[in-house]
Amino acid sequence: MQCVVFGSGEVERSELSAGLRRNLGENSSHVLTLRFVSANVASFDVACLSLLCHDAHAVCISHLDAVRAEHFHAMHLRGVRLVVLRHASVSTALFDLDGLRACNTPHPLQLARTPVLSAHVVAELTLALVLCAAKHIPAAAARVRCGDLRGDFQLGTEIHGKTAGIVGTGKVGVLVASALRALGCRIIAYDVAENDSIKTLAGGQYVPLDDLWAQSDLICLHAPLVSATIHMVDEAAVSKMKRGVVLVNTSRGKLVDSRAVRDGVLSGQIGALAMDVVDCAPGVLGVDHEFTAIPDPELRELISLPNVTITPTLATRTRESLHAVCDSVAQTLTQFALGRPMDTVVNP
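Just so we're clear, the structure is a prediction, and the values are computed from it rather than from any experiment.

Conventions we followed
Residues numbered from 1 in each chain as written. Predicted model: local features only at pLDDT ≥ 70, side-chain atom pairs only at ≥ 80, totals over all residues. Heavy atoms only, no water. Pairing = 2+ DSSP bridges. Helix = DSSP H or I, 4+ residues; strand = E, 2+ residues; numbered from the N terminus. Contact = heavy atoms within 4.5 Å. Axes fitted to C-alpha atoms, helices over the stretch in contact; angles between N-to-C directions. Core = buried A, V, L, I, M, F, W, Y, C linked by side-chain atoms within 4.5 Å. Buried < 20%, exposed > 50% of the residue type's maximum accessible area, 1.4 Å probe, protein only. Right-handed = clockwise from strand over helix to strand, strands pointing away. Expected span 1.5 Å × (residues − 1).

Comments concerning the sheet that holds strand 8 (residues 205-206)
Strand pairing within a sheet occurs via backbone hydrogen bonds; the two strands may be parallel or antiparallel. Read across the sheet, seven strands follow the order 8-7-6-9-10-11-12 without closing on themselves; strand pairing throughout is parallel. In this open sheet, the two strands that pair with only one neighbour each are strand 8 and strand 12 (308-310). Here helix 7 (residues 171-182) sits on the sheet in contact with strand 6 (163-167), strand 7 (186-190) and strand 9 (218-221), set at roughly 175° to strand 6.

Describing the nonpolar core
Within the largest apolar cluster, 57 residues are counted, with the highest numbers of intra-cluster contacts made by Phe6, Trp213 and Val233. Sequence-distant contacts of tryptophan 213, defined by excluding residues within four places in its chain, comprise Val167, Ile219, Leu221, Met232, Val233, Ala237, Lys240, Met241 and Lys242. Within the second largest apolar cluster, 30 residues are counted, among which are Ala134, Ile166, Val176 and Ala202.

Considering the pairing of strand 7
Here strand 6 pairs with strand 7 via five bridges, running parallel. Considered in strand 7, the bridge of threonine 163 is made with arginine 186. Handedness of the crossover joining strand 6 and strand 7 through helix 7: right-handed. As paired elements, strand 7 and strand 8 share two bridges and run parallel to each other. Within strand 8, the position partnered with alanine 189 by the bridge is tyrosine 206.

A closer look at helix 7
The terminal C-alpha atoms of helix 7 lie 17 Å apart, and with 12 residues this matches the ideal 16 Å at 1.5 Å per residue to within 8%. Of the positions making up helix 7, those classed as buried are Val172, Gly173, Val174, Val176, Ala177 and Leu180. The inward-facing, buried residues of helix 7 contact helix 5 (119-135), strand 6, strand 7, helix 8 (196-200) and strand 9. Looking one or two residues past helix 7, glycine 184 carries a phi angle of roughly 100°, positive in sign.

Considerations on the sheet that holds strand 4 (residues 82-85)
Read across the open sheet, the five strands follow the order 2-1-3-4-5; overall the sheet is parallel. The open sheet has two edge strands, strand 2 (33-37) and strand 5 (110-112), and neither has a second partner. The mean angle between the axes of side-by-side strands here comes to 20°, regardless of whether they run parallel or antiparallel. Direction of pairing for strand 1 (residues 2-6) relative to strand 2: parallel, over a ladder of five bridges. Residue pairing in the sheet places valine 4 in a bridge with arginine 35 of strand 2. Its contacts with the sheet place helix 13 (residues 319-337) against strand 1, strand 2, strand 3 (58-61), strand 4 and strand 5, and it is angled at close to 170° to strand 4.

Written out as structure tokens, the structure is:
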């Protein structure tokens with residue numbers, strides 16, 4: 001059997017291969033062979049994707065990918081029977097599940113997720129970005145690296161005593177809220193389903209979303225990506241925020257309208273912006289653009305602004321997290337290759 005792994009880097013390739021050896025033994029390639037493709041599925045048209053999936057029985061995709069109905073159909077026609085997502089949640093805004101369900105004859109196309117991602121790794125990076133944005137740490141470090149040891153550039157802001165707005169109060173949102181409360185923040189939150197832990201662990205209170213925009217000195221986005229949350233931070237939302245607000249997004253890039261936050265940063269409405277996820281054109285993420293211009297002008301302009309910090313999905317890039325995710329993917333692929341029931345399939 002063969003599995004095509006899209007959107008994979010060198011470290012991930014090594015971990016996935018090692019995971020298969022742990023599950024299938026040193027001769028794992030006799031049972032299942034991995035073929036690695038650096039780009040995501042969304043980067044390819046149907047004809048190219050069909051060629052890449054030739055003789056493949058399974059496909060493994062990144063959480064940064066966006067798979068449309070025609071992609072699923074092309075895979076299915078090539079004989080692919082399993083798609084493994086290297087992430088815990090399946091976003092209906094990124095994956096056309098109706099298109100997936102339509103691929104049901106002569107065999108169903110199954111989708112499996114990877115439910116091992118720790119909420120702590122995302123919460124940790126969120127706090128790091130909060131401090132980077134509030135204290136302008138990346139810009140200061142860049143100046144020092146250039147030999148400028150003066151300390152008279154842009155002043156930062158204190159976290160203690162500020163109001164922190166948490167949008168989305170699942171596991172990550174509660175962890176971030178609790179940590180910010182420990183730093184002396186007042187916590188307010190918004191979610192369509194309230195979580196008692198916001199009150200018991202973080203001493204917070206729920207408010208309407210417009211009130212959260214208006215009251216918060218610091219806003220952290222942890223909402224899931226569904227149709228109702230796409231570009232929830234748009235021009236109207238930015239206009240309701242406190243002038244000079246610190247905005248941090250470590251959830252999904254499409255929660256934020258890039259043009260709206262760019263204009264907010266340029267006008268001073270957003271005092272500092274930090275994001276580990278961005279909304280950009282297919283084929284931009286996961287690619288080294290060091291010697292070529294980033295082919296997304298809005299992202300390129302955002303990156304150039306001194307009070308903007310953007311990281312390339314570092315939240316899950318820890319040794320522990322990568323090992324756990326790759327081992328879980330390897331277990332799912334092993335179950336599939338040996339014809340055993342798979343624990344992580346979402347459409348059995």
